[in-house]
Amino acid sequence: MELRHLQHFVAVAEDQHFTRAAERLLVSQSGLSASIRALERELRAPLFVRTTRSVTLTEAGRALLGEAERILAQVRSAHEAVAAVQGVLRGTLSLGAEQCIAGVPVAGLLAAFRHRHPDVEIRLRQAGSGELAEEVAAGRLDLAFAYRTQDDTDQLRSVSLAGEPMTVLCHPGHRLATADAVRSPHDLADEVFVDFHPDWGPRRVTDAAFAAAGVRRTVALEVNDVHGLLDLLDEDLGIAVVPRHFRHKRASLTSLPLKDSAETAYETIALLPPAQATSPAARALMGLLGTGSG
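Analysis parameters
- Residues numbered from 1 in each chain as written.
- Predicted model: local features only at pLDDT ≥ 70, side-chain atom pairs only at ≥ 80, totals over all residues.
- Heavy atoms only, no water.
- Axes fitted to C-alpha atoms, helices over the stretch in contact; angles between N-to-C directions.
- Helix = DSSP H or I, 4+ residues; strand = E, 2+ residues; numbered from the N terminus.
- Parallel < 35°, antiparallel > 145°, perpendicular 65-115°, else oblique.
- Contact = heavy atoms within 4.5 Å.
- Domains from an automatic or database assignment.
- Buried area = accessible area lost by both parts, 1.4 Å probe.
- Pairing = 2+ DSSP bridges.
- Core = buried A, V, L, I, M, F, W, Y, C linked by side-chain atoms within 4.5 Å.
- Buried < 20%, exposed > 50% of the residue type's maximum accessible area, 1.4 Å probe, protein only.

**A closer look at the packing of helix H2 (residues 18-25) against helix H3 (residues 29-43)**
At step 1: Axis separation between H2 and H3 bottoms out at 9 Å; the angle between their running directions is 105 degrees. Judged by the inter-axis angle, H2 sits roughly perpendicular to H3. Of the residues in H3, those in contact with Phe18, Thr19, Ala21, Ala22 and Leu25 of H2 are Gln29, Leu32, Ser33 and Ile36.

Right, here's the structure in full:
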């Protein structure tokens with residue numbers, strides 16, 4: 001099995017199209033098809049279902065994809081490690097992050113990284129914490145800043161970066177606005193909630209807190225960006241339970257401590273592959289955070 005076969009396979013799986021994958025790889029379509037056939041012969045299994053309109057993975061193809069991505073990520077890390085020993089950091093830093101992640105100034109961090117390592121191409125992707133964990137474990141991201149959604153595994157490790165309690169945000173004309181604090185989720189049982197997609201860290205924390213208290217809640221307004229959530233609160237269309245640092249993003253809203261929320265209810269982490277598979281670029285970025293755990 002040759003690395004180029006795996007590279008060709010992953011490209012076709014990503015594009016779901018032989019012609020587009022061939023154009024991206026700068027190879028002929030016939031050469032790409034021959035490479036995939038050679039891989040299928042070696043594995044003795046079809047990897048794609050081909051029709052005139054689409055290309056989809058077979059069960060064998062889905063099983064191979066994760067392993068192929070991890071192998072290619074390790075090869076990239078090996079090349080970058082050799083370059084780092086020679087005194088030059090090159091290659092690509094693929095970073096994932098949730099929006100407005102607590103305790104990590106992503107833009108400033110990347111600016112400092114680019115200043116120190118101008119030969120490294122930076123790629124940034126925003127997504128929910130669950131998806132980011134899958135991307136790092138599969139080798140598609142070098143690291144990600146997220147909320148802890150699972151325990152460490154053989155393919156994924158975490159470094160704790162920051163922790164903070166959750167707080168209730170509401171319109172200043174809302175009935176809760178005159179209270180000093182919200183004692184427990186039970187006090188919010190009849191409220192209409194604005195919240196993020198279930199894959200986002202703040203939503204997971206809030207769902208877990210209400211489930212632990214045995215309180216059902218209605219998320220009537222679901223958004224995928226922070227400012228959209230704040231705009232809905234500004235119009236008094238609901239309330240939200242969010243990490244405490246969100247209260248600084250919209251001065252017009254009222255912030256109330258949630259008393260049952262532990263001081264570290266929301267924990268920001270860096271998600272990384274195992275130490276031996278962590279790229280030099282990821283280590284350098286972690287070094288800028290001063291964690292010593294890159």
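**A closer look at the domain arrangement of the protein**
At step 1: Domain annotation of the protein identifies domain 1 (3-65), domain 2 (69-161 + 268-291) and domain 3 (163-266).
At step 2: On a C-alpha basis, the centres of domain 2 and domain 3 stand 30 Å from each other.
At step 3: Contacts between the two partners involve 12 residues from domain 2, matched on the other side by 15 residues from domain 3.
At step 4: Summed over both partners, the interface of domain 2 with domain 3 comes to about 1100 Å²; 55% of that surface belongs to carbon and sulfur atoms.

**Things to note about the sheet that holds strand S7 (residues 166-170)**
Neighbouring strands of a sheet are bound in pairs by backbone hydrogen bonds; such pairs are parallel or else antiparallel.
At step 1: With respect to topology, three strands assemble into an open sheet ordered S10-S7-S11, the strand pairing being antiparallel. Since the sheet does not close on itself, it has two edges, and those belong to strand S10 (240-243) and strand S11 (254-257), each with one partner. Across the sheet, the mean angle from the axis of one strand to that of its neighbour is 40 degrees, orientation sign disregarded.
At step 2: Alignment of S7 against S11, held across four bridges, turns out to be antiparallel. Residue pairing across strands places Val168 opposite Leu256, the latter belonging to S11.

**Some points on the nonpolar core**
At step 1: Counting residues in each nonpolar core, the largest one holds 40 residues, and the members touching the most others are Phe113, Leu143, Phe145, Leu188 and Leu285.
At step 2: Take this core: its biggest share by element is five residues, from helix H9 (residues 280-289).
At step 3: Split by domain, this core shows at least three residues from each of two domains, domain 2 (69-161 + 268-291) and domain 3 (163-266).
At step 4: With residues up to four places along the chain from it excluded, the contact list for Leu143 reads Leu93, Ser94, Leu95, Gly96, Val136, Leu271, Leu272, Ala282, Leu285 and Met286.
At step 5: Among the nonpolar cores identified, the runner-up in size contains 20 residues, and Val12, Phe48, Val55 and Leu57 belong to it.

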